[in-house]
Amino acid sequence: MWSGSGMHCNMDAPGKKGSVGMFRTRLISGVILVMIALAVIIAGGPVLAVALLVISIIGMNELYRALKVEDQKISPLALVGYLGCAIYYLLVFLNLSAYTMTVTLTILICVMAVYVFTYPRYRTDQVTGAFFGFLYVAVMLSCIYELRNMEHGVWLVWLIFLASWGSDTCAYCVGMLIGKHKMTPKLSPKKSVEGAVGGVVGAALLGGIYARAIAGRLDADSTQLVLSFAAICVVGALISMVGDLAASAIKRNHDIKDYGKLIPGHGGILDRFDSVIFVAPVIYYLAQVFV
């Protein structure tokens, strides 16, 4: 968590020399990333589906390399995950979501088949990692597309990014200004309790402001929509913390600093989308209940 507008920043203020340059790099690449996200999500349809598929494949590859599911060459285990991801997104795009559970179970069976027929090539943790990567990255990110395709989805989908990237920005600013009490010193020592609170409160405010701005387009009661969006963003911001810290825990367990180097100043896809991955399914289901 705690990265602003595409800027994956720590709670501490940037340094005076090298950190300033890094902050500038993060800012520039973050702005570009947000612009691309705007264009892709507004376009929706096949553009969004293909973009999410590519992001999912790259994210799965980063995770698979971290978990030693594959190295330089695509392993049979990883191949099952990638093919499963492609089939899953095809079903979602064709509005055949009723069959996605069948695909998910089939992927599990195929992963176990690779495990037994190539034994003892893989360890159990590699096998579970292959299936976990498919669920964690591909399935959860697909909820962005599902929400975008809902009625008024073109407006609702932005709640995902307000609750993740928006709360990150607020958390970073508050933590930088008044952060003193460490939240998880053993896992992420630069994150503070004050920053976490600032992120949640900031997400609620952003959700309320956004609701007020689009209430007319949704033909909804403004006050009710403000309360609904604020509540959704609060829950999303809390889940965003879990997503960010979970990604950090995986990196610490496997002694890596970043998942990749694709995005200058940020790292890999998982470094940038760690909170979005968790927030997307939560917002998708909350939007169906409250909006």
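Reading the values: the criteria
- Residues numbered from 1 in each chain as written.
- Predicted model: local features only at pLDDT ≥ 70, side-chain atom pairs only at ≥ 80, totals over all residues.
- Heavy atoms only, no water.
- Phe/Tyr/Trp six-rings, centres within 6.5 Å; stacked < 30°, edge-to-face > 60°.
- Helix = DSSP H or I, 4+ residues; strand = E, 2+ residues; numbered from the N terminus.
- Buried < 20%, exposed > 50% of the residue type's maximum accessible area, 1.4 Å probe, protein only.
- Pairing = 2+ DSSP bridges.
- Salt bridge = Lys/Arg side-chain N within 4 Å of Asp/Glu carboxyl O.
- Polar contact = N/O pair within 3.5 Å; in protein donor to acceptor, adjacent residues only side chain to side chain.
- 1 Å grid on protein atoms, 1.4 Å probe; cavity = no way out; pocket = protein on both sides within 12 Å on 5 of 7 lines; lining within 4 Å.
- Points joined across faces, edges and corners; volume = space filled by probe spheres on them.
- Nonpolar A, V, L, I, M, F, W, Y, C, P; charged D, E, K, R; others polar.
- Axes fitted to C-alpha atoms, helices over the stretch in contact; angles between N-to-C directions.
- Parallel < 35°, antiparallel > 145°, perpendicular 65-115°, else oblique.
- Contact = heavy atoms within 4.5 Å.
- Patch = residues over 30% accessible without salt bridge, like charges linked within 9 Å, V, L, I, M, F, W, Y side chains within 5 Å.
- Areas by Shrake-Rupley, 256 points an atom, 1.4 Å probe, with all protein chains shown as cover.

Trainee: Can you tell me about the packing of aromatic side chains, naming the residues and giving the values?
Mentor: Tallying each qualifying case throughout the model produces twelve aromatic pairs. Aromatic side chains Y88 and F134 sit 5.8 Å apart centroid to centroid with 80° between the ring planes, which places their arrangement in the edge-to-face category. Remark: F134 occurs in helix α5 (residues 124-148) and Y88 occurs in helix α3 (residues 76-93); sequence separation between them is 46 residues. Taking the relative accessible area as the measure of exposure, Y88 reaches 8% and is therefore buried. Pairing Y210 with F229 gives two aromatic rings, centres 6.0 Å apart and planes at 25°, and the pair type is stacked. On the criterion of sequence distance, the pair formed by Y210 in helix α8 (residues 193-218) and F229 in helix α9 (residues 222-253) is long-range, its members being 19 residues apart. We note that Y210, like F229, is buried. Through a chain of ring-to-ring contacts, three or more aromatic side chains come together here, namely W158, F161, W165 and F273.

Trainee: Give me the pairing of strand β2 (residues 188-192): which residues, what numbers.
Mentor: Sheet analysis places strand β1 (residues 182-184) next to β2, joined by two bridges and oriented antiparallel. Bridge assignment links K182 to a residue of β2, and that residue is S192. Connecting β1 to the antiparallel partner β2 that follows it, the hairpin turn spans three residues.

Trainee: Can you break down the pattern of salt bridges residue by residue, with the values?
Mentor: For the coordinates displayed, the defined rule picks out five salt bridges. For R123, the salt bridge goes to D125, with nearest N and O atoms at 3.0 Å. The class of D125 is partly exposed, set by a relative accessible area of 41%. Between K191 and D244 there is a salt bridge, with its nearest N and O atoms 3.5 Å apart. Taken together, the positions of K191 in strand β2 and D244 in helix α9 put the pair 53 residues apart, joining distant regions of the chain. The same class applies to K191 and to D244, which are both buried.

Trainee: I'd like a description of the side chain of D271, backed by residues and values.
Mentor: Along the polypeptide, D271 turns up in helix α10 (residues 269-290). A relative accessible area of 2% means that D271 is categorised as buried. There is a polar contact of 2.9 Å between the side chain of D271 and the side chain of K251. Of the polar contacts made by the side chain of D271, one reaches the backbone nitrogen of G268; its length is 2.7 Å.

Trainee: Requested: an account of the layout of surface pockets, with residues and values cited.
Mentor: Taken as a whole, the second largest pocket holds about 340 Å³ of empty space. Around the second largest pocket, the lining comprises 18 residues; the ones closest to its centre are L33, I36, A51, I55 and F273. Of all the secondary-structure elements, those providing two or more residues to the lining of the second largest pocket are α1 (18-43), α2 (45-66), α7 (158-178) and α10. With six residues, α2 is the single largest residue contributor to the lining of the second largest pocket. Here the residues of the lining of the second largest pocket sort into 18 nonpolar, no polar and no charged.

Trainee: So what about the packing of α2 against α10? Which residues, and what values?
Mentor: For the pair α2 and α10, interaxial distance at closest approach is 10 Å and the crossing angle is 110°. By the criterion of interaxial angle, the relationship of α2 to α10 is roughly perpendicular. Side by side, α2 and α10 meet where I55, I58, G59, E62 and L63 of the first sit next to I269, L270 and F273 of the second. Per-class residue counts for the contact of α2 with α10 are six nonpolar, one polar and one charged.

Trainee: Now, about a nonpolar patch on the surface: what can you tell me, with residues and values included?
Mentor: Residues L90, F93, L94, L96 and Y99 make up a contiguous nonpolar surface patch of roughly 470 Å² in combined accessible area. One can find Y99 in the loop between α3 and α4 (100-117).

Trainee: Pulling in residues and values, what's your account of unusual backbone geometry?
Mentor: Cis geometry is adopted by the peptide bond preceding P120, which originates at Y119 and carries an omega value of 10°. Positionally, P120 belongs in the loop between α4 and α5. The phi torsion at D255 lies on the positive side, around 55°, for a residue other than glycine. With respect to the helices and strands, D255 occurs in the loop between α9 and α10. You can call D255 exposed: its relative accessible area is 71%.

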